[in-house]
Every structure is written in C-alpha cells, then in structure tokens.
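Remarks on the overall topology
Here's the letter readout for the chains.
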Amino acid sequence: MGTPQKNPLQADKEPADLEQLHAAARGNTSAPLQPLSDEDDDLEKKPILPSEAGDSMQWPSSAYFILVVELCERLSFYGATIVFYPYMQNLLEYSQGEANAVYNAFNFWGYSATVLGGYVADTYTGRVRALLLFAGFFTFGLACLFFQALPFYWNDFPEDPGWHVNMLFGTACFFIGLGMGGIKSNVSTLMADQMRNASGKAYSTVFRWFYWCINIGAFVGILTTPILHDVIGDKKILEDGDEDGTGYWASFGLPLITFLTAIAIFYSGKVMNLYVCQPPTGSLLSRCYSASKFALKERAAAKECGRYAAKEHWLDWAAGSKEYAQDAADFKIALSVCVPLLYFPFYWLCYNQMFSNMISQADILDQPSWLSPESLNVVGSATLILMIPIFDKFVFPFLSSRGWNPSPLRRITIGFFLVALAMFYCGALEVFLHQRGRYDENDDYIADEGKTISVWWQIPPYFTIAMSEIFASVGGLEYAYTEAPKSMKSVIMAMFLLTNAAGSIIGIIISPVVKPPNMVYIYFVSGGWLLFLVIPFTLQFRHRQARVITNDGVV
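If you're wondering where the values come from, they're calculated on a predicted model, not measured in any experiment.

**Things to note about the overall build of the protein chain**
Looking only at helices and strands, the protein chain features 18 helices and eight strands. Expressed as a percentage of the 555 residues in the protein chain, the buried residues total 56%. Contacts in the protein chain between residues far apart in sequence, at least 24 positions, make up 79% of those at least 6 positions apart.

Here you go:
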C-alpha cells in the first residue's frame, strides 16, 4: 500500500503551529519550478539553478537581465514622476493642494494595480508574460506623457494648456500607474524565483541588491530629468517671480527611450529561455472562495449535528476535504501574512512626503540657482546606493557574527522608527520657517530680511528616509515573498505594495488641509502617529519578530 498523502490542515497528521504550516506551504518539498519557453510556456528542461554555500551565491544570468530591466524601469518611473509636482504646479498651474491630491491619486492607482498584476500572473499568464503585458501599458502611458508636453500640442505654450492637455496627462497617469502596478507585483517575485535553491538569509541579500538596482535607476532619473526641463526650452515667469524651465517634454522623453530599451532587454531574455517562472495555477480567487465556502459550510453542519469543536482557525474546517484542503491551507497562511502589512500605509504616508510636500518645502528654502527643488530626492537614492552594499557586506554580517540576525518584521520596526524621526525633523524645519518669516494671503512664503534657511538643511530627512527603506521597504519585500504560499507569491507581493496605495488614500483624505501654513501639524502628526503604532506592532508580532534568518531558513 502507498503512504497516504498528508493533509496540510489536519492537526493529527501535521503540526498545528501556523509557522510550521508556513514552511510546508512555502514549497520546501515542492518540485523545482520550470522555465518559460516559446514552445511550451509552462514546461521545459530544468535550468542550471543558483547554489548557495554559506553566505555566497551564484547568480544565474536571468537574474542579471531582470536587475537591468528593473534599473531601467525605475529610471523611467522616477525620472518621469519626480517632475510631476513642479509640472502640475508651474505649467498646468495646479495649487499645492490640487497637485498633492493628483499625485496621491496617481500613487494610489499605481499601487492598487499591483493586485491586478499579481492576480493576472498567478492565475492566467505567469510572471514573464504578465510583465510584458503591463510593460506595454507602461510604454503607452509614457508616450502619452511625452506627447502632451510638446509645445505644439498646447493652445498657447506655456501659458494655456487647454483641456486636451489635461485629458492626455490624466490618460498618461492612468496607463503609467496600470503598467507600474503590474510590473512591481511581478518583477521582484520573478527575481526571487530565479534563486530557487537559495534559502534563509540568502533572500535578504537578493532583495537588498534588487533594491540597490532600483535606486541606481532612481538616482539617474532623479538627477537627469529635472536638469533637462530646466536647460531645454524657454523660461516661464511664475506668479511669485521665480522662473521654471518649460522643456518638460525632454524630461518625459528620456524615460520613454529608456523603458523601450528595458523591454528589448527583457524580451531577449525570454527568447533565450533564461527565465525560471512558476506556471499560473488557475483561478486563484475562485479556489479561495470555494475553500472558504466549504469550510463555513462544514462548521455550520457541525454545529447543527452537535459535533462542533473549536479549531485554531475557521478555515481548518476544510481539513477533511481532499479537494479544498490545500487551497484552504494557502488561504489561511495568506491571511496571517497580510496582518502585519496593515501598519504599512502610515509608513508610506510619511515616505511619500519626499515626492510632494518636501519638494514644496525646498522651494521656499534658500537654494542655489542651479538646483531645482525636486533634485534633492537624489540624496535618498545616493544614500541607498552607498549604504546597501555597506550593510550587506559589513553591517549585517557583523551583527550576525554577534548572534543578532534581525527578522524582516524586526527590521520593519526599525524602519518605521527612522521615517517617523524624519517627519519630526521636517516639522521642526517648518517651525524655524515660521519663526524667520510668514505666509501671505496667497500662501506664499516671505522670509524676514537676512533670515533665510538653506535648502541643505533638508539633507538629513532625505538621508533618514533612505535608511528607513533599507529596513522597512526591503524587509517588507523579503517578508512578503518568503512567507507567502508558493501559489500566491505574486498576490501577496501585490498586497504588500497595495499598502502604498492605502497610504496615498490617507494623503488624498488630508489633502484639503495640506497648505503651507499647516505643514507643521502635517509632519508632526503623521510622524507621531506612526511612532505610536510601533508599540502595538512590536507587541502584536513579538513572537514573529523573534524569528531569525539563517542559512537553513526562517526559525
């Protein structure tokens, strides 16, 4: 007789502890993933996979293709969006509150689309085809963005854009957000898929270097596109007497060209059959729905028959079903994994100040003529480019040698604390601005004579926010991938990214009060609230935070 297959939800055959169930569902005993090919998109010969020896890994060639593509995609995204705020305020003539609302709405849509991208990949297409599909949407959006900024498309450039410019700008935001969402929910997961023989803290290294490439692209984009619109084209005299360059079509053209290059690189990797990709698993939502329906039906029947006994989780009632047991187990883990993510929207609310209100703050600080307010974002990217290798090669190995291997959730806690400190700093800077000047009836800042504040005082919060990313953002990526069931990795990654959309919703809600005189309260309240949430986050997940990453996995 053959050995009966173990049911992942049966307490008498499997450990009831959820963490052990996590290990089973993450695929420790599963067959290796198969790469995509043109002849058969799901099955092909097994490729040579990376090996891990201690802390070192061999990286497959497919990983380098994905890293280059992500670098180009982030250059395109940040290069285009870093100038959104000044473009809306100076050329489209939106108020600060309107520009803030539009930016947060765009951010919300982009990170909401991650759920669609993850669902499409896990259910229908697989990650490679999903990336190509959403890359097409992203490219179309960049093309619209470039075209609507061309002078001949305006009614009277640069004074009167006309309704058609605003409509095409909105169309561009829609498709860029859609494409970005689908790409983000799949590219980091596809990257980790290439490391199928890696385990434990190797994934920490993978995601740190993935994030390093993100910031190489962001650094180049943030550094170049603000310069392009300033040096190309005529100057526009603004209401406050300042000048702004009108060559935004050049700032939007560079990301378009870069991303077309990224698509060519990524597709060449597909043609060469380099990528390892988990095939789609069918209708994920319907399977989870059916498993949930079965579990609830079984629980109701047990109550009616008088055989009801409390279980650890209501989905455990599907344990007796061969058809629904695995889906119920995966869904149970997914729900558990998503709970810590509920705290992230408040982190992203603070983080997103870099791309909106901190730019407006820089605009009223004393700055050299060659520096545009949005260019200070390059400090964050430069910090990450410098510090990620230092942390990966020196800091974390040193801490590990002293017996401290912080889990992803513990690193997330540190990141929350750092970004809250950055908000307090920005709030204190606003206090100094109030002491050295005033806002007039039009919310324009007028500094007292001889009491200006240098824009270089903004460097510390950019540095601190960047440091928080090493802990919170990278830790979140690692947590979402390593803890997710193998059938739901793109979806769980999308749920993590969706928290950024939730942060944007909060930003939209508070946008009516986002005015220069109120920014003291905005910074202190947002930072203070996140700092307060660190307490329940630490207490609620203290047992998970105690788990560490080793070469053998999560323990």
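**Quick word on empty space enclosed by the protein**
Taken as a whole and judged by the stated rule, the model has six cavities of 30 Å³ or more. A volume near 360 Å³ is recorded for the largest cavity. Taken together, 31 residues make up the lining of the largest cavity; nearest its centre are Arg74, Tyr78, Tyr111, Tyr211 and Tyr351. Broken down by secondary-structure element, the contributors of at least two residues to the lining of the largest cavity are helix H2 (61–81), helix H4 (96–125), helix H6 (163–193), helix H7 (202–231), helix H11 (344–351), helix H13 (377–401), helix H15 (459–483) and helix H16 (489–510). When residues in the lining of the largest cavity are grouped by element, the largest group, six residues, is from H7. Residue classes in the lining of the largest cavity are distributed as 17 nonpolar, 10 polar and four charged.

**Let's talk about unusual backbone geometry**
Between Phe157 and Pro158 the backbone carries a cis peptide bond, its omega angle lying at 0°. Looking at the secondary structure, you find Pro158 in the loop between helix H5 (127–148) and H6. Although it is not a glycine, Asn273 sits at a positive phi angle of roughly 55°. With respect to the element layout, Asn273 can be found in the loop between helix H8 (248–271) and helix H9 (284–305). With a relative accessible area of 28%, Asn273 lands in the partly exposed category.

**Some thoughts on the packing of aromatic side chains**
Counted under the stated rule, the structure contains 48 aromatic pairs. Between the aromatic rings of Phe134 and Phe137, the centroid separation amounts to 5.7 Å while the plane-to-plane angle is 75°, which identifies the pairing as edge-to-face. Here Phe134 and its partner Phe137 are both found in helix H5, three residues apart, which amounts to about one turn of the helix. Since its relative accessible area comes to 2%, Phe134 is described here as buried. Under the relative-accessibility criterion, Phe137 is labelled partly exposed at 27%. Against the face of Tyr481 rests Lys489, its NZ or CZ located 4.4 Å from the ring centre.

**Observations regarding the packing of H5 against H8**
Two measures define how a pair of helices packs: the angle their axes make with one another and the distance between the axes. Across the interface, H5 lies against H8 with an axial gap of 9 Å and an inter-helix angle of 160°. Taken together, the axes of H5 and H8 lie roughly antiparallel to each other. Read as a crossing pair, H5 and H8 show a hand that is left-handed. Side by side, H5 and H8 meet where Val128, Leu131, Leu132, Ala135, Phe138, Thr139, Leu142, Ala143, Leu145, Phe146 and Gln148 of the first sit next to Trp249, Phe252, Gly253, Pro255, Leu256, Phe259, Leu260, Ile263, Phe266, Tyr267 and Lys270 of the second.

**Things to note about the pattern of salt bridges**
In total, this model carries 11 salt bridges according to the counting rule given. Salt-bridge contacts for Glu93 lead to Lys236; the nearest nitrogen and oxygen are separated by 3.2 Å. Separated by 143 residues along the polypeptide, Glu93 in the loop between helix H3 (84–91) and H4 and Lys236 in strand E3 (residues 235–237) bring together distant segments of the chain. What makes Glu93 partly exposed here is its relative accessible area of 47%.

**Section: the side chain of Asp440**
With respect to the secondary-structure elements, Asp440 resides in the loop between strand E5 (437–439) and strand E6 (445–447). Among buried charged residues, Asp440 stands out as having no salt bridge; its nearest opposite-charge side chain is Arg438, 6.0 Å away. A polar contact is formed between the side chain of Asp440 and the backbone nitrogen of Asp444, at a distance of 2.8 Å.

**Description of the packing of H3 against H6**
Contact geometry for H3 and H6: axes closest at 13 Å, N-to-C directions at 165°. One finds that H3 runs roughly antiparallel with respect to H6. Relative to H6, the crossing made by H3 is left-handed. When H3 is examined against H6, the residues Phe84, Tyr87 and Met88 are found in contact with a partner set consisting of Val165, Phe169 and Cys173. Its residues assigned to classes, the contact of H3 with H6 comprises six nonpolar, no polar and no charged.

**Some points on the nonpolar core**
Residues Tyr87, Met88, Phe252, Phe344, Tyr347, Phe416 and Phe496 are the most contacted members of the largest nonpolar core, which totals 146 residues. Residue contributions to this core peak at 13 residues, all from H6.

**Here we look at a nonpolar patch on the surface**
Residues Trp529, Phe532, Ile535 and Leu539 make up a contiguous nonpolar surface patch of about 430 Å² in total accessible area. With respect to the secondary-structure elements, Trp529 resides in helix H17 (residues 519–540).

**Observations regarding the environment of Met493**
One can find Met493 in helix H16. Through-space distance from the C-alpha of Met493 to that of Lys184 is 8.6 Å; in sequence the pair is 309 residues apart. In contact with Met493, other than residues within four places in its own chain, are Lys184, Ser185, Ser188, Thr189, Phe207, Leu477, Ala480 and Tyr481.

**What to know about H8**
For H8, with 24 residues, the first-to-last C-alpha span of 35 Å sits near the 34 Å given by 1.5 Å per residue. Count one or two residues on from H8 and you reach Asn273, which has phi positive near 55°.

**Some details on H13**
For H13, with 25 residues, the first-to-last C-alpha span of 34 Å sits near the 36 Å given by 1.5 Å per residue. In H13, a bend of some 50° at Phe391 exceeds every other bend along the element.

**So, the confidence of the model for the protein chain**
Mean pLDDT for the protein chain: 85, with 86% of residues reaching 70 or above. Note that residues 28–55 has pLDDT below 50 and, in this model, 63 contacts with residues that lie over four places away or in other chains.

**So, the environment of Pro226**
Take Pro226: it is sitting in helix H7. Pro226 sits in the buried class, given a relative accessible area of 1%. Taking the C-alpha atoms as reference, Pro226 lies 8.5 Å from Tyr248; in sequence the two are 22 residues apart.

Each value, and the rule that gives it
Residues numbered from 1 in each chain as written. Predicted model: local features only at pLDDT ≥ 70, side-chain atom pairs only at ≥ 80, totals over all residues. Heavy atoms only, no water. Helix = DSSP H or I, 4+ residues; strand = E, 2+ residues; numbered from the N terminus. Buried < 20%, exposed > 50% of the residue type's maximum accessible area, 1.4 Å probe, protein only. Contact = heavy atoms within 4.5 Å. 1 Å grid on protein atoms, 1.4 Å probe; cavity = no way out; pocket = protein on both sides within 12 Å on 5 of 7 lines; lining within 4 Å. Points joined across faces, edges and corners; volume = space filled by probe spheres on them. Nonpolar A, V, L, I, M, F, W, Y, C, P; charged D, E, K, R; others polar. Phe/Tyr/Trp six-rings, centres within 6.5 Å; stacked < 30°, edge-to-face > 60°. Lys NZ or Arg CZ within 6 Å of the ring centre and 35° of its normal. Axes fitted to C-alpha atoms, helices over the stretch in contact; angles between N-to-C directions. Parallel < 35°, antiparallel > 145°, perpendicular 65-115°, else oblique. Left-handed = near helix turned anticlockwise from the far one by under 90°. Salt bridge = Lys/Arg side-chain N within 4 Å of Asp/Glu carboxyl O. Lys, Arg positive; Asp, Glu negative; His and termini not counted. Polar contact = N/O pair within 3.5 Å; in protein donor to acceptor, adjacent residues only side chain to side chain. Core = buried A, V, L, I, M, F, W, Y, C linked by side-chain atoms within 4.5 Å. Patch = residues over 30% accessible without salt bridge, like charges linked within 9 Å, V, L, I, M, F, W, Y side chains within 5 Å. Areas by Shrake-Rupley, 256 points an atom, 1.4 Å probe, with all protein chains shown as cover. Expected span 1.5 Å × (residues − 1). Bend = angle between axes of the 7 residues up to and from the residue. pLDDT = per-residue confidence, 0-100.

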